[in-house]
Amino acid sequence: VYDKTFQAVDYSRKSSAPSLILYQEITRRFGHAATDRQHAYLDPSVVDQMAETDVIESGIMQAVEHYGALTYGEAMDRFEEIGVL
C-alpha cells in the first residue's frame, strides 16, 4: 500500500496529473456508513475478525519487515508527525 501510494503521489507531482490507486481485497474494519448493519449480511465471526484487524499496524509491519522501506523508529516518528498535522 505504501509503495503504490508513494508511486502515485510521485507521478502526480512530477507530471502535474491525477493518479488513481485501486485497492483490492482490503477488509473494512467497519461498514460502509454508520447506518450499515454488517451483522445482517456477515457471519458474526467475520465481523469480529475484521474488528481485530488493524490495517495500519499490518501495513507498517509489511513496510518494515518485508520491504525494508523504513525502521519501526522511523515509522513511529512519521506517525507522530502526522498526528501533529
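Structural data are supplied above this passage.
Residues numbered from 1 in each chain as written. Predicted model: local features only at pLDDT ≥ 70, side-chain atom pairs only at ≥ 80, totals over all residues. Heavy atoms only, no water.

(A) Spatial organisation of the overall build of the protein chain. Within the protein chain, the secondary structure is distributed over 4 helices and 0 strands. Starting at the N terminus and walking to the C terminus, you meet the elements of the protein chain as α-α-α-α. Out of the 85 residues in the protein chain, the part that is buried amounts to 11%. Taking as baseline every contact in the protein chain between residues at least 6 positions apart, the subset at least 24 positions apart corresponds to 6%. Entry remark: accessible area of the protein chain is about 7,400 Å², with carbon and sulfur atoms responsible for 58%. (Helix = DSSP H or I, 4+ residues; strand = E, 2+ residues; numbered from the N terminus. Buried < 20%, exposed > 50% of the residue type's maximum accessible area, 1.4 Å probe, protein only. Contact = heavy atoms within 4.5 Å. Areas by Shrake-Rupley, 256 points an atom, 1.4 Å probe, with all protein chains shown as cover.)

(B) Spatial organisation of the packing of aromatic side chains. Enumeration according to the criterion identifies 1 aromatic pair in this entry. An angle of 25° between the planes, with centres 6.2 Å apart, marks the rings of Tyr2 and Phe6 as stacked. Of this pair, Tyr2 and Phe6 both sit in helix 1 (residues 2-15), 4 residues apart, which is roughly one turn of the helix. The exposure class of Tyr2 is exposed, given its relative accessible area of 55%. (Phe/Tyr/Trp six-rings, centres within 6.5 Å; stacked < 30°, edge-to-face > 60°.)

(C) Fine view of unusual backbone geometry. One non-glycine residue, Ser16, lies in positive phi territory at about 50°. With respect to the element layout, Ser16 can be found in the loop between helix 1 and helix 2 (44-52). For Ser16, a relative accessible area of 69% puts it in the exposed group.

(D) Summary view of a nonpolar patch on the surface. Together, Val55, Ile56, Met76 and Phe79 give the surface a local cluster of nonpolar side chains, amounting to about 390 Å² of exposed area. For the nonpolar patch, the secondary structure elements donating two or more residues are helix 3 (55-66) and helix 4 (72-84). Relative to the elements of secondary structure, Ile56 occurs in helix 3. (Patch = residues over 30% accessible without salt bridge, like charges linked within 9 Å, V, L, I, M, F, W, Y side chains within 5 Å. Salt bridge = Lys/Arg side-chain N within 4 Å of Asp/Glu carboxyl O.)

(E) Structural detail: helix 3. Here helix 3 contains 12 residues, and its C-alpha end-to-end distance of 15 Å stays within 8% of the 16 Å for a straight helix at 1.5 Å per residue. Just past helix 3, the residue Gly68 takes up positive phi, approximately 60°. (Expected span 1.5 Å × (residues − 1).)

(F) Examining helix 1 more closely. Relative to the 20 Å expected for 14 residues at 1.5 Å per residue, helix 1 spans 20 Å between its end C-alpha atoms, a close match to the ideal helical length. Looking one or two residues beyond helix 1, the residue adopting positive phi is Ser16, at roughly 50°.

(G) Quick look at the pattern of salt bridges. All chains considered together, the criterion is met by 2 salt bridges. The shortest N-O distance in the salt bridge between Asp10 and Lys14 comes to 3.2 Å. Of this pair, Asp10 and Lys14 both sit in helix 1, 4 residues apart, which is roughly one turn of the helix. Classification of Asp10 by relative accessible area gives partly exposed; the value is 29%. On the accessibility criterion, Lys14 (68% relative accessible area) is exposed. For Glu81, the salt bridge is made with Arg78, and the minimal N-O distance between the two is 2.9 Å. Here Glu81 pairs with Arg78, and both are found in helix 4, just 3 residues apart, close to one helical turn. The class of Glu81 is partly exposed, set by a relative accessible area of 44%. Taking the relative accessible area as the measure of exposure, Arg78 reaches 42% and is therefore partly exposed.

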